[in-house]
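Examination of the molecular architecture
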Amino acid sequence: MMVLYTATSFKSELNNKGWRLTPQRETILHVFQNLPKGNHLSAEDLYDLLKGRGETISLSTIYRTLKLMARMGILRELELAEGHKHYEINQPYPHHHHHLVCVQCNKTIEFQNDSISKIGLKQAEKSGLHLLDCQLTVHTVCHEALRMGWPSLVSTNWSCSQAIAETSGEYVNPD
């Protein structure tokens, strides 16, 4: 069972592997710990956010840190839109959630399903493995894109009104 990381537990695990908790790693952990529910950040999003705060962390350091934190199970690496990795804090089992993603506008809706998480946990334990993450991404097309004639009549950079509202900070929860 995965636990939520604090700076202290992150430092301890890094030290056990012979690594250090650098100020950059701690800053990145802090950003993800305080990210509003439903938000996911790409490396570029994180870079822009930190740059806006006056932080001087290079994009290459961000990429390396995100990969490290995902391998450790602290962050979830999500492939929500084709070719674009996003990250979020990895909640411990049984609080894993899954994603519905529109392939046209990238609108993302989170949902929980205990059956999926239980199957993942059971399979990991059956194989003698420790579950770090269990995620399902369901690729969809939103109704607005379908009404507009998806796929042939909708330009590749078009987004539906709900997806635009989400990027303005609105979170869509299917519950």
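For the protein chain, the name recorded in an unreviewed UniProt entry is Ferric uptake regulation protein, with Limnospira platensis NIES-46 as its organism.

Take the sheet that holds strand β4 (residues 108–111) next. Paired through their backbone hydrogen bonds, the strands of a sheet run either parallel or antiparallel. Across the sheet, which stays open at both edges, the three strands sit in the order β4-β3-β5 with mixed pairing between neighbours. Two strands close off the open sheet at either side, each with one partner strand: β4 and β5 (137–140). On average, each strand axis in the sheet is tilted by 20° relative to the strand beside it, whichever way the strands run. Of the strand pairs in this sheet, strand β3 (residues 98–102) and β5 are connected by four bridges, and their pairing is parallel. Counted as the bridge partner of L100 is V138 from β5.

This prediction gives the protein chain a mean pLDDT of 82; 86% of its residues lie at or above 70. Taken element by element, the protein chain is modelled with least confidence in helix α7 (residues 161–167), mean pLDDT 60, and with most confidence in helix α3 (residues 43–52), mean pLDDT 95. Counted against residues more than four places away or in other chains, residues 167–175, with its pLDDT under 50, gives twelve contacts.

This part covers the state of the cysteines. In the structure shown here, the tally under the stated rule is zero disulfides. For the unlinked cysteine C142, the closest cysteine sulfur is that of C102, found at 3.8 Å.

So, about the pairing of β3. Of all five residues that make up β3, four are buried, and the element is covered over most of its length. Both β3 and β4 contribute to a ladder of four bridges, which runs antiparallel. By the bridge assignment for β4, L100 is matched with I109. From the end of β3 to the start of β4, which pair antiparallel, there are five residues, and N106 there has a positive phi angle of about 65°.

A separate point is the nonpolar core. Within the largest apolar cluster, 22 residues are counted, with the highest numbers of intra-cluster contacts made by F32, L46 and L66. At the level of elements, α1 (7–16), α2 (23–33), α3, α4 (59–71) and β2 (84–89) are the ones that each hand at least two residues to this core. Ignoring anything within four residues of it in the chain, the contact list for L46 reads I28, V31, F32, L41, I62 and L66. Grouped together as the second largest cluster of nonpolar side chains are seven residues, C102, C142, W158 and C160 included.

On to the side chain of H97. On the secondary structure map, H97 appears in the loop between β2 and β3. On the basis of relative accessibility, which here comes to 11%, the residue H97 falls in the buried class. Reaching out from H97, the side chain makes a polar contact with the side chain of E88 at a distance of 2.9 Å. In contact with H97, not counting residues within four places along its chain, are R76, E88, E110, F111, Q112, C134 and Q135.

Conventions adopted
Residues numbered from 1 in each chain as written. Predicted model: local features only at pLDDT ≥ 70, side-chain atom pairs only at ≥ 80, totals over all residues. Heavy atoms only, no water. Pairing = 2+ DSSP bridges. Helix = DSSP H or I, 4+ residues; strand = E, 2+ residues; numbered from the N terminus. Axes fitted to C-alpha atoms, helices over the stretch in contact; angles between N-to-C directions. pLDDT = per-residue confidence, 0-100. Contact = heavy atoms within 4.5 Å. Disulfide = S-S within 2.5 Å. Buried < 20%, exposed > 50% of the residue type's maximum accessible area, 1.4 Å probe, protein only. Core = buried A, V, L, I, M, F, W, Y, C linked by side-chain atoms within 4.5 Å. Polar contact = N/O pair within 3.5 Å; in protein donor to acceptor, adjacent residues only side chain to side chain.

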